[in-house]
Amino acid sequence: MRLPVEDIREELVQAYGLGLPKRFLLKAPTGSGKSTAVPSMFLDDSEVDGLIVVIQPRRIAARMLAQRVASLRGSRVGDEVGYVVRFDNKQTAKTRIVFVTDGVFQNWCETNPRLNGIGCVLFDEFHERRVAGDVSLARCLNLQESDRPDLMIGVMSATIEMSGLSAFMAPCRELEASGRTYPVDIQYSNPVMSQRSGYPSREGVWDFCVNAAKQLHSEGDTGHILIFLPGLHEIRKTVSLLEQSSQFSEYKICPLYSSLSPKLQDEAVAVSAQLKIIVSTNVAETSLTIDGVKSVIDAGLARMSEFDANRGIETLMVKQISQASADQRAGRAGRTAPGKCVRLWSHTSHAKRAQFESPEIQRADVAELMLKFAAGGIDFTSFRWLDAPQENAVNLARATLQWLGAIDLDGEATELGHKMAKFPLAPRFSRLIFAGVEEGCLAEMCFIAAAIQGEGVFTRGRGTVGRSDFIYDDDTSDFAGEWRAFETAKRMDFQPKRCGELGILARGARECDLSWKQLQESVERLGLKIGSVDFDQRGEDVVRAAVKAFGDRMGVRLSSSTLAGRLCDGRKGKLDADSAARFADMFIPTEITEVDGKDVVVHFNRCISVNFADLERSFSEDLATATEVEYDSTVRRVVKKQVTRFKGLVIAEKVGGDPDKGLAAEMLAHKVASGELVLNAWDKKVEDWIARLLGLGEWMPELELPGFDEEDRSLALEQVCQGAVSYKEIKNREVLPAVRSWLSQGQQAALDAYAPKEVTLQNGRTTKIYYELGKRPWIALRAQLLFGVKQTPTIANGAVKLNVHICAPNSRPWQITDDLPRFWESGFEQMRKDLGGRYPKHQWTLE
């Protein structure tokens, strides 16, 4: 059957020979054949010299697409067509087309920066905008513009915002193919919505999906049904309900997700005469073709991992997918015949969804990328970003790498940083490896790093035993229990059923084994010997090594009766109930995640206990203890606080005892300045005095009077608070004497003389002068009391005229002037006309 992309075959192939640069941007909808046919076109019809690399965001897609293309070309996977994904390499010397994940290709860019042996790089499903894809594309473009003008670069996607990408790749050839798709009838459902999230309650999303499947079944001709859900929990719930329903007895129920075994993944997508219901995460959203799907049920949700740079925390949240993703999912129903898509949200809410997913670079931890750039001599800030990372994420990554000793203050990689960058690990875990060398526990650190790379060796909420059976009371880390469970799984040859009965996740344990072997090879290439793992004998060594890699997130429990804890930077969360650190005063979480369930909870996972005595013995040069004070708002007084810091991070506090009186006065003054505490005697008299002082300093600078800025105000407040430790002692203290003491006797005399509180007028009457910051001082009198005052009164040795508020008989200002002669000349007559009739008993003649 002819694929739609064949219609632009000549244009595609010509893109390689039209001159420089050799690059194209292809937009082709689902079902057009871009993922399967385009690589073959370049192999068969172009002069590409070298390997044709097709980059996929997901392992399952890379593996299955390779199988599909190999089948279409009449060969076996590993011969002409192969794939390379993590822990699985089906590439040989015969391979001409290879499907790889973006992470694999990124590593190739680092180990083979000229991409020797590679003639064409195709970025498929680029709309997912993963960090590895963005970075690799930029590096390929730079390489093509320098050493490899012969390199062919293609970017392909069904749904992507073209203008920005086209400008980024310019000059490039822009191509578009039609799709071999059939119409899809999209129906919007409006289930019960969660008040908190605004989309269908995830607790019942499986019920909505099953009900939608029943409705489709009743309408007939469903074909295979594809259901999209956010995660494994929802998939299991839905699969269970479907299997219990007699209505679906004719269907084969198949889960599909990335960590499912390859055998079961193949079973879910294989061509089958028997009707199937495939219950999948978003792995089925792109690239994969599941023949026979005519019905799609879309929950409109995806579980997304994001890094919150403001809090330095990995979040795992269920969120609404974008409109583009929803279109991709709906398109699955129109591959082979007209289809239907039921969306579990309203048409109105659909319009409010984001048009595209945000790039991963703007929601990721960029520390590993920054270190690799530093080690490779690539300037991070001036890199060719399609979308630059967030500034706060960059700042946090830089601070983390400096704390680990991987980069210096100029951002250059240190000797240790260069070593760390060689490991395919996040910086903390590569630092952990070298800390293991330093502390004599390399084997244990390699296991910890390997274990954290996967989904874990314990099942969640399943099995007849629990992980607590593998964690002993005298363990110093949760990894001791993971190691025991891992060894148990290994002895059982990772058999899922036997492992599951013990609460062990066989798949996770097997992946951990593969990661560990990979790390062993990397370590041995450095000439290091790993040895055997023994958490019991090397417990203290493990703690010391962990502190070197994770000490900046040291945590303490909030009390001995709770699992709640607080990290040294203030973040709060909860330890696992069976964690080895559940009784420790201090602990280090190697994982911090925020998970959205019934409630949003921050979890401190895979913890290591820290004993203060050991910390003091091994890291004494990094510990500092100081006596400080804090204000206890409950008792409204300053208390003494003894604070212990590790590399500047607060790890212990002890409150109690009488504070230093000087520090107490400083703390009370700070609370007054912030407005938290109020001094009753800091009144208008004080503010008037300050206004007089600052005004006179401006009017007569020759007097060289001191100012009174915020720092001076704080010092004055400290003087008021001297000798006190509680709010009660300062609440009613006199303030004016303290601020007056700011001046010498001579300065105070000058203030009283040149900025007096009162002025005597020409008619002998004495009146108050009003002062206010930023304004000219003034007096206020009824007109009749100003009779005989021919000239405007002045202060500051005649330098400042006072504003005169001339008031009506009701004491309200009628005119404000600094020119009394002019007022008497013309203004008074107008005042008499306006007010004389209303106030006849008042004198309105000047004689």
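Given the structure is predicted, the values throughout are model-derived calculations rather than measurements.

(A) Seen up close, the sheet that holds strand β11 (residues 252–256). Here we have 6 strands laid out as an open sheet, ordered β9-β16-β13-β10-β12-β11, and parallel in their pairing. Every interior strand has two partners, whereas the edge strands, β9 (184–188) and β11, have only one. Strand after strand, the sheet turns through a mean of 15° between neighbouring axes, direction not considered. Both strand β10 (residues 224–228) and strand β12 (residues 276–280) contribute to a ladder of 4 bridges, which runs parallel. Residue pairing across strands places F228 opposite S280, the latter belonging to β12. Taken strand by strand, helix α7 (residues 205–219) contacts β10, β13 (293–298) and β16 (339–343), and its axis lies near 150° from that of β13.

(B) Looking closely at the pattern of salt bridges. Taken as a whole, this structure holds 49 salt bridges when the rule is applied. Of the charged contacts in the structure, one is a salt bridge between R538 and E444, with a shortest N-O distance of 2.6 Å. Separated by 94 residues along the polypeptide, R538 in the loop between α19 (506–525) and α20 (539–550) and E444 in helix α16 (residues 442–453) bring together distant segments of the chain. A relative accessible area of 0% means that E444 is categorised as buried.

(C) Here's a closer look at the packing of helix α3 (residues 59–72) against helix α9 (residues 262–269). Remark: α3 packs on α9, axes separated minimally by 12 Å, with the N-to-C direction vectors making an angle of 65°. In this structure, the crossing between α3 and α9 has a hand that is right-handed. In this structure, α3 uses I60, R63, M64 and Q67 to contact α9, whose residues at the interface are P262, Q265, D266 and V269. Partitioned by chemical class, the residues of the contact of α3 with α9 number 4 nonpolar, 2 polar and 2 charged.

(D) Region of interest: the side chain of K372. Assignment of secondary structure puts K372 in helix α12 (residues 367–375). Beyond its immediate sequence surroundings of up to four residues, K372 is in contact with E110, A421 and F423.

(E) Expanded view of α12. Among the 9 residues that make up α12, 7 are buried, leaving the element largely enclosed by the rest of the structure. Within α12, the full set of buried residues consists of A367, L369, M370, L371, K372, F373 and A374. Against the buried residues of α12 lie α4 (102–111), α5 (131–144), α13 (391–404), α14 (415–421) and α15 (427–439). Backbone geometry just downstream of α12 places G377 in the positive-phi region, at approximately 75°.

(F) Spotlight on the sheet that holds strand β24 (residues 649–655). Spatially, β22-β23-β24 is the arrangement adopted by the 3 strands of the open sheet, whose pairing is antiparallel. Both edges of this open sheet fall to β22 (623–632) and β24, since each of them pairs with a single strand only. Averaged over neighbouring strand pairs, the angle between their axes works out to 30° when direction is ignored. Pairing geometry for β22 and strand β23 (residues 637–646), over 10 bridges, is antiparallel. Its bridge partner being in β23, E628 is matched across the sheet by K641. Packing against the sheet, helix α22 (residues 661–673) makes contact with β22 and β23, and its axis sits at approximately 50° to β22.

(G) Molecular detail of helix α23 (residues 684–699). Its 16 residues place the ends of α23 22 Å apart at the C-alpha level, agreeing with the 22 Å of an ideal helix rising 1.5 Å per residue. Among the residues of α23, those classed as buried are V686, D688, W689, I690, A691, R692, L693, G695 and L696. Among the structural elements, α24 (710–721), α26 (736–740) and α27 (745–754) are those in contact with the buried residues of α23. Put simply, D683 is the residue that caps the front of α23, since its side-chain oxygen is 3.2 Å from the backbone nitrogen of K685.

(H) Summary view of the nonpolar core. Of all hydrophobic cores here, the largest spans 113 residues; its most connected members are F105, F123, M554 and L615. It is α16 that contributes the most residues to this core, 10 residues altogether. In contact with M554, not counting residues within four places along its chain, are V547, R566, L567, C568, M586, F587, I588, V610, L615, F646 and I651. Among the nonpolar cores identified, the runner-up in size contains 61 residues, and V629, L677, A755 and A796 belong to it.

The rules behind the values
Each chain has its residues counted from 1, following the order in which its sequence is written. Only residues with pLDDT of at least 70 are given local features in this predicted model, and only at 80 or more are side-chain atom pairs given and counted; all residues enter the totals for whole chains, interfaces and linings. The side-chain numbers reported here are obtained from all heavy atoms of the structure, hydrogens and water having been left aside. One requirement defines pairing of two strands: DSSP has to find at least two bridges between them. Working definition: helices are DSSP H or I runs of at least four residues, strands are E runs of at least two. Numbering for both runs from the N terminus. Axis angles are defined between N-to-C directions and span 0 to 180 degrees, where every axis is a line fitted to C-alpha atoms and, for a helix, only to the segment in contact. Contacts are assigned to residue pairs with any non-hydrogen atoms lying within 4.5 Å of each other. We define a salt bridge as a contact between a side-chain nitrogen of Lys or Arg and a carboxyl oxygen of Asp or Glu at a distance within 4 Å. Relative accessible area decides the class of each residue, using a 1.4 Å probe on protein chains only: under 20% of the type maximum gives buried, over 50% gives exposed, and in between gives partly exposed. Crossing chirality is assigned from the near helix's rotation relative to the far helix, an anticlockwise turn below a right angle marking it left-handed and a clockwise turn marking it right-handed. Three classes are used, and their members are as follows: Ala, Val, Leu, Ile, Met, Phe, Trp, Tyr, Cys and Pro are nonpolar, Asp, Glu, Lys and Arg are charged, and the others, Gly among them, are polar. How far a helix is expected to stretch is found by multiplying one less than its residue total by 1.5 Å. Whenever a nitrogen or oxygen atom comes within 3.5 Å of another N or O atom, the pair is scored as a polar contact, on the condition that within protein one atom can donate a hydrogen and the other can accept it, and that pairs from neighbouring residues in sequence are kept only if both atoms are in side chains. Side-chain atoms within 4.5 Å link the members of a nonpolar core, which is a set of buried Ala, Val, Leu, Ile, Met, Phe, Trp, Tyr and Cys residues.

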